[in-house]
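Residue-level structural notes
Chain residues, written in single-letter form:
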Amino acid sequence: MSQPTSSETDLQAEKARCLARSVTEVLAQEPTLEAVTVDRTKKTISVATLGQADVAKLTQRISDTIQSAEAVDGAQACGILSGEGDCNGCSVPLSFKERQAITIKQEGNSTTIARVTCPTAPRFWRWRDIPWPRVVQRDVEFLEHAEHLDEWKPQLLAAALCGVFGLAGYFLGSPFAVYAYIAAYLAGGWFTAEEVWERLQKRAIDVHFLMLAVAVGSASIGAWGEGATLLFLFSFSGALEHYALGRTQREINSLFKEAPKVATVLDEAGQEREVPVERLQRGMRLLIKPGAQFPVDAEVSKGGTASDESNLTGEATPVEKGVGDSVLAGTINLWGAVEVTVLRPATESALQKIIQLIREAQQRKAPAQQFTDKFSTVYTYIVLGLSLAMFFVWWLVRGLAPFTAQGAEQSAFYHTMTLLVVASPCALVLSIPSAVLAAIAWGARHGILFRGGAAVEKLAGVTMVALDKTGTLTTGELRVEKVESFPAGREKEIAQLAYSLERLSTHPLARAITRYGKQQQIKPIELENFESITGHGLQIKREGKVCRLGRREWLTEGDCARIISQVPATEAGFNEVWLTEGELVGRIVLRDDIRPQARQVMEELRREGLHTVVLTGDRKATAEHLKAELQLDDVRAELKPEQKVEAIRELIAKGQRVAMVGDGVNDAPSLAASDVGVAMGARGSDAALEQAEVVLMHDRLENFLAAFKLSQRARRVIRQNLIISLGTVVVLMCFALMGKIPLTIGVVGHEGSTVIVVMNSLRLLFGKTGKQEVVEKTAA
């Protein structure tokens, strides 16, 4: 593998010393990061985040940035850190394009660098302090080996041995029976004893301790058979529990095939060299051969092909890719050799986001589970106290023998052991997490990512669905239909200016115009004094003239109002972007088709009793056309981002539980304000993805219906599990307190309910998706 030249290394070092440049790059790579404040004298750093931020990750990234901006080996440090208040003194200061993406504010010794965003966003920022630079190695996660996937196998073997030795002890006579029972205890109690020892080291006890105590207590009074039965059923249910968790993990792991470790990089001369995936940087050119995986998120720059995205989206149909189209890490290049340009490093790829989302989801507990976790700990001590009290009641009050049975009447200790067994909360503890993890696994397998158990629970209670239009109800894959100038003849100038402006933006309209410019091989113009006008468009000064690109309503306020007003608006279903510069007036007409399954999804949502409302920035005519086409309950048009937030809050104030479905940066505040934020796929903006509690892969609207039905199924299963677990405990405890239930029956009832709860939760891994139902009905 070739090494970078000394000139390349020097350039990288110079660029690294510019704090503003480095922070700009971090802002582009970290969607949750909004601003960074550095006080060079106090050596303090503060960061502002929006959404669910990985604090450790941000700390490391910002620490590296500050450290690289300080003077190295006596070289000149970044002008901001050295007190100049700007980066003009840096070896390689910010370019014009980079300056347009951020704002730099100097207050005394403190400098704040923030991304350019909508006015409402800072209200949602959360500020926190982080330590001054400390370097931590960061690696790429590939989710290659999942731990403990097969832990259930030795546990099942141990349970089987416990059962065999227990039966041998039952049929054998003394003294061989005792030896057989001891072997059954060792096999059945081995993994339980490990769990107990680990928890005792943490000064904690749980149901494992109770079960082991009951087994030992049973043996101490000669009830070897009952103790062996308890350990067999308890170890068997434990094996089933680990099997369920392993099955869930396998469902998740099956999403990701072996990730590539190296990529073929093309240099300026077209020479190929192998580079580790973790070293790929934005802007590098890669050669992807047929049958190979795309190692990072990239954009096709030469050639054409189709990609298999089934491991990310569950969709088996290949997706055609041409120049200007994006490809996702982990997907497979099917037939054409293509050249692609890296969009982001491997650590920031859609694949890594999905892996991180799933791991976060597995660690986040649902509110009901948080309650049962706290309750079960307290409940364990209550059961121990109650059992001890009842021992003295049976012994001293009812006059039973303390330890040795007398005739047909069992001892007080025997009844105490029975009470301990039936009152243990094994099934209760498993009732919620087993269902939630199964639901998360099913969703991940079918293109739905829940960011924790709370999202699974909350989505089931939604009463209203608010949706963005572009990219949500429509495909979001806009295409340029035609370019017009008024008067005609200057269409090429309109296209060139529009491409030069929009290539700096990430809005769906901008992506379509950018793709068109690349396909037409239009040469962009270097522009200066770029300004984004929130809710309107872009404005720039060029050669003494003001160039504007944006909505018709905005541009009709200028000198070209007469010309624009004479041009009829586009038909419903089309979008238009106007451009003016002096006497140059024109527009680009784009088409965005309604999703084929959108109407069927809306009908299914109405059948489920959900109300629908569309919140869009488009003109009223387009919104009304959409309302009639999809038979929506309500539409609200020409809304700015802050107005969407107000609409969400208004609906919530009226008692509605609102799920907001969107995909753009301007949807992020609305997603945060709603009860449940739902982002449209890995292609959606990073800001929307970070704010969402549910992510619908590959922008498939029908997945929302599947997610809603899954959450309802999960809620039903959780309720069933709670009824089974609590009902069993209540019934068996009543009989145990009356002394009317043998230890063997108590063991079977208790462990049987645990097995039923786990198996009931596993049902969530199977069943037809709402997406499949929509596809079948649409085809019919």
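Residues numbered from 1 in each chain as written. Predicted model: local features only at pLDDT ≥ 70, side-chain atom pairs only at ≥ 80, totals over all residues. Heavy atoms only, no water.

Some words on the sheet that holds strand β13 (residues 332-333)
- Spatially, β11-β10-β13 is the arrangement adopted by the three strands of the open sheet, whose pairing is antiparallel. With one partner strand each, in any of the chains shown, β11 (319-321) and β13 form the two edges of the open sheet.
- One ladder, built from three bridges, connects strand β10 (residues 305-308) with β11; its direction is antiparallel. Opposite Ala 306, over in β11, you have Glu 320 as the bridge partner. (Pairing = 2+ DSSP bridges. Helix = DSSP H or I, 4+ residues; strand = E, 2+ residues; numbered from the N terminus.)

Comments concerning the pairing of strand β14 (residues 338-342)
- In terms of burial, β14 is largely enclosed, as four of its five residues are buried.
- Bridge count for strand β8 (residues 285-288) against β14 is four bridges, and the pairing is antiparallel. Paired with Arg 285 across the two strands is Thr 341, which belongs to β14.
- The sheet contact formed by strand β9 (residues 298-302) and β14 spans four bridges and is antiparallel. Considered in β14, the bridge of Ala 298 is made with Val 342. (Buried < 20%, exposed > 50% of the residue type's maximum accessible area, 1.4 Å probe, protein only.)

Points about the sheet that holds strand β4 (residues 110-115)
- With antiparallel pairing, five strands are arranged side by side in an open sheet as β3-β4-β1-β2-β5. Since the sheet does not close on itself, it has two edges, and those belong to β3 (102-107) and β5 (126-130), each with one partner. Pairwise comparison of adjacent strand axes, ignoring direction, gives a mean angle of 20° for this sheet.
- Bridge count for strand β2 (residues 44-49) against β5 is five bridges, and the pairing is antiparallel. Paired with Thr 49 across the two strands is Arg 126, which belongs to β5. (Axes fitted to C-alpha atoms, helices over the stretch in contact; angles between N-to-C directions.)

Quick word on the pairing of β9
- Of the strand pairs in this sheet, β9 and strand β12 (residues 326-327) are connected by two bridges, and their pairing is antiparallel. Of the residues in β12, the one forming a bridge with Ala 298 is Val 327.

Things to note about a nonpolar patch on the surface
- On the surface, Leu 172, Phe 176, Val 178, Tyr 179, Ile 182 and Leu 186 cluster together into a nonpolar patch covering about 610 Å² of accessible area.
- Looking at the secondary structure, you find Phe 176 in helix α6 (residues 176-201).
- By relative accessible area, which is 54% here, Phe 176 ends up exposed. (Patch = residues over 30% accessible without salt bridge, like charges linked within 9 Å, V, L, I, M, F, W, Y side chains within 5 Å. Areas by Shrake-Rupley, 256 points an atom, 1.4 Å probe, with all protein chains shown as cover. Salt bridge = Lys/Arg side-chain N within 4 Å of Asp/Glu carboxyl O.)

As for the nonpolar core
- Counting 49 residues, the largest nonpolar core has Phe 450, Leu 459, Leu 473, Met 602, Val 694 and Phe 704 as its most contacted members.
- Once residues within four sequence positions are removed from consideration, Val 694 is found in contact with Ile 448, Leu 449, Phe 450, Ala 455, Leu 459, Val 676, Gly 677, Val 678 and Ala 679.
- Core analysis: the second largest hydrophobic core is formed by 39 residues, Cys 162, Val 214, Trp 394 and Val 747 among them. (Core = buried A, V, L, I, M, F, W, Y, C linked by side-chain atoms within 4.5 Å. Contact = heavy atoms within 4.5 Å.)

Don't take any of this as a statement about function, it's just geometry.
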